[in-house]
Amino acid sequence: MATASEDTNIKIWSIPESWEPCDDKGNAKAGEGLSESVLDLDAHTKKVTLLRYHPTANNTLLSAAGDLTVKVWDVENSAVVHSFDDIPDLVHDIVWNLTGDQYAFSCKDKNIRFVDGRTGKASQTIDKAHHGAKSVKLVYVNDGDKFFSFGASKQSGREIKVWDQKDLSKPLHTESV
């Protein structure tokens, strides 16, 4: 398990295999106390706000922080594989595609950026995906070429947009919710 905090650190924890969250009757019970992290990852200079494990590769973690960076980590070696630093504002969401060869993130600047997960180079951008002030959340669809963005319109109404990465000039569909 990975946790992020305002002290700029990422901590990796090991949950004992013997720990069972429920008793025989299905009631929640206290687990063993975790007092020491297995590993600390330290390369961000401001609070770490988001973490996502790689969907297919063990020990690969994606992090975003208030220092306006997104980092890919090799957890086993406690090392940053690469850092994406061309971020003008706070990151609202990060998400891996299903194969883990790409990740996307949304920022307070209302843009969605796509980055090659292996090289750390930006591959595509959607300028002003949503025009409202609320944060934008992202989800890849099963086939990997399409994804959803959840944001707000200029009038602050929630909306969902479906995008195809083959043509990001406009959404395939916009649904007000």
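In what follows, the accompanying structure is described. (Residues numbered from 1 in each chain as written. Predicted model: local features only at pLDDT ≥ 70, side-chain atom pairs only at ≥ 80, totals over all residues. Heavy atoms only, no water.)

## Remarks on the side chain of Thr69
No. 1: Structurally, the position occupied by Thr69 is in strand β6 (residues 69-74).
No. 2: With relative accessibility at 9%, the residue Thr69 sits in the buried group.
No. 3: For Thr69, the side chain forms a polar contact with the side chain of His44, separated by 3.1 Å.
No. 4: Engagement of the side chain of Thr69 in a polar contact is seen with the side chain of Asp67, the distance being 2.6 Å. (Helix = DSSP H or I, 4+ residues; strand = E, 2+ residues; numbered from the N terminus. Buried < 20%, exposed > 50% of the residue type's maximum accessible area, 1.4 Å probe, protein only. Polar contact = N/O pair within 3.5 Å; in protein donor to acceptor, adjacent residues only side chain to side chain.)

## Section: the nonpolar core
No. 1: Ranked by size, the top nonpolar core spans 14 residues in total, and within it Val70, Val91, Ile94, Tyr103 and Phe105 carry the most contacts.
No. 2: Among the elements of the structure, β5 (60-65), β6, β8 (91-96) and β9 (102-107) are those that each provide at least two residues to this core.
No. 3: Discounting chain neighbours no more than four positions away, the residues touching Phe105 are Val70, Phe84, Ile87, Val91, Asp93, Ile94, Asn111, Ile112, Arg113, Val115 and Leu138.
No. 4: Among the nonpolar cores identified, the runner-up in size contains twelve residues, and Ala129, Tyr140, Trp163 and Leu168 belong to it. (Core = buried A, V, L, I, M, F, W, Y, C linked by side-chain atoms within 4.5 Å. Contact = heavy atoms within 4.5 Å.)

## What to know about the sheet that holds strand β11 (residues 122-126)
No. 1: Spatially, the four strands line up as an open sheet ordered β8-β9-β10-β11, and their pairing is antiparallel. Edge strands, defined here as strands with exactly one partner in the open sheet, are β8 and β11. Strand-to-strand twist of the sheet, defined as the mean angle between neighbouring strand axes without regard to direction, takes the value 20 degrees.
No. 2: Bridge count between β8 and β9: five bridges; the pairing is antiparallel. Counted as the bridge partner of Val91 is Cys107 from β9. (Pairing = 2+ DSSP bridges. Axes fitted to C-alpha atoms, helices over the stretch in contact; angles between N-to-C directions.)

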